Structure formats: C-alpha cells, structure tokens
Amino acid sequence: MKRFFVFLAVLAVLLTVAIWRAPASLIAGLLPPEISRVVQLHQTTGTIWRGSALFSVAGVPPSLSLAWQCAASFAPLGLRCELNESLSARVTVDVLANKLIAERISANLPIQLTVGGVATATSPNVIANFSEIAASRNSLSVTGSLRASDAGYRFGNTEATLGELTVECTPAADATNSTCTVSNRGGNARLDGKLSLTSSKASGSLELTPANGSAQRVNF
C-alpha cells in the first residue's frame, strides 16, 4: 500500500511538471473554433502560463507582438490571462463551455481590410476599445468601438478620404450576436453602414457617398 501511495505522489508531481511546462503552442488548441477563424498565433515561445507570440487578425498585419501571463482557474475551469504589448486585455478561457471572454481590450493598430471582395478600408492608426468580447460555438457578444484616424476607402475605381472613422458595436439582448454601426467625420466622402456579427459569419452593408458623386453600396 505504501508503494502505491508513493507511485501516486510521483505521478502527481510528473503531471504537475508536465502541465506547468506545457508549450505555448497548445494555446491555439484552447481557442474556440469561432475565434481561430480570424485570429492566428505565430512564432510562439514560452509556455501556456507565460509566453509571447506574433499574432494576426483578419485585416491586421501579422507582425504584432503579444505577451501573456496566465493562471489556472477552477470557476470556470480553464485559464485566466493578462495580455500586453500590442494588445492588452484580460482573458478567461472556459474549457468546459468552450467559451472565451475578453475584457478591457485596448490596442493601437494599423488596418487594411477588404470588404465583400470589392471594397478596401485602410488606416495607419486604429484605436480599439472594447469592454467585452464573449465568443462561444453559438454566440458572439461584442461591446465597444474602433476609431480610425486618416481612414481611406476604395470601392472599385473610386477612392475617398474619410477622416475619422468610427465603428460602434453592441450585443443583442440575448447576447447571441452583435450589431456594429459605421460612420465617419471629415474627409471628402460619407461612409455609413451596419454590420451583423455572429459566431459563424459577418454580414452587412456599407454605403459610400463621394462629395461630387452618387452613393455606392456594397453588401456582404
């Protein structure tokens, strides 16, 4: 019996060491599929508890740095992490519910985003400020905004300057999806739009009205 308990103790120590030294590359497997479609990690170093990587998001160049410090969580079962460098946030990964919740998200990033395959929006300086993003297999709740300075927009052969571009996002009452409104201030054209975000896709429409031209709309 004594040998059995010694075996269990040694096994527990080995499992603890293995978990503690788990490589950072495992983090990609902990992300819900809905997040993995738009967020990828590159050149991960360290462990799942403390490490760094380059990350890319749809429309954002893949050369942005990310560092994290994580601790185990039992309620919910999973991880709680603090992110910093190019992106700062507090993130909770709920393993049992296959859900990710990010709070107090802030970043300052360049963006070049193609919409519907025919329109392109760009800005050298986009400030992200989200109080919460919660994603699971069947829901996506987004609360916060993006503000882009010196924004530009191209639709076919038409190019326009938009000045300051704002995207404001709010979740539906049941938190299964979110709606974002798009508007701008300044520039030589007006851009208005509405986006619908779900766990599986983004859809909506944008309408560009040049100062001396007719409105052009793209649906996606």
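So, how was this worked out
- Residues numbered from 1 in each chain as written.
- Predicted model: local features only at pLDDT ≥ 70, side-chain atom pairs only at ≥ 80, totals over all residues.
- Heavy atoms only, no water.
- Core = buried A, V, L, I, M, F, W, Y, C linked by side-chain atoms within 4.5 Å.
- Buried < 20%, exposed > 50% of the residue type's maximum accessible area, 1.4 Å probe, protein only.
- Contact = heavy atoms within 4.5 Å.
- Helix = DSSP H or I, 4+ residues; strand = E, 2+ residues; numbered from the N terminus.
- Disulfide = S-S within 2.5 Å.

### A short note on the nonpolar core
Part 1 of the argument: L83, Y153, L162, L191, L206 and L208 are the most contacted members of the largest nonpolar core, which has 47 residues in total.
Part 2 of the argument: In this structure, L162 is in contact with A151, G152, Y153, N184, R185, G186, G187, A189, L191 and L208, ignoring residues within four places of it in sequence.

### Comments concerning unusual backbone geometry
Excluding glycine, residues mostly carry a negative phi; peptide bonds, for their part, are mostly trans.
Part 1 of the argument: Following A75, the chain continues to P76 via a peptide bond in cis, the omega torsion being 5°.
Part 2 of the argument: By the secondary structure assignment, P76 is in the loop between β3 (64-74) and β4 (77-85).
Part 3 of the argument: Positive phi values are uncommon outside glycine, yet N98 reaches one of about 50°.
Part 4 of the argument: The phi dihedral of A175 is positive, around 60°, even though this residue is not glycine.
Part 5 of the argument: Residue A175 is classed as partly exposed on the basis of its relative accessible area, which comes to 30%.

### Details of the state of the cysteines
Part 1 of the argument: In the structure shown here, the tally under the stated rule is two disulfides.
Part 2 of the argument: Between the sulfur atoms of C70 and its disulfide mate C81 the distance is 2.0 Å. The chirality of the disulfide connecting C70 with C81 is right-handed, given an S-S dihedral of about 110°. Within this pair, whereas C70 is found in strand β3, its partner C81 is found in strand β4, the two being separated by eleven residues in sequence.
Part 3 of the argument: On the accessibility criterion, C70 (13% relative accessible area) is buried.
Part 4 of the argument: Of the residues examined, C81 reaches a relative accessible area of 9% and is grouped as buried.
Part 5 of the argument: Across the disulfide from C169 sits C180; the S-S distance is 2.0 Å. An S-S torsion of about 110° defines the bridge between C169 and C180 as right-handed. Taken together, the positions of C169 in strand β9 (residues 158-171) and C180 in strand β10 (residues 178-185) put the pair eleven residues apart, joining distant regions of the chain.

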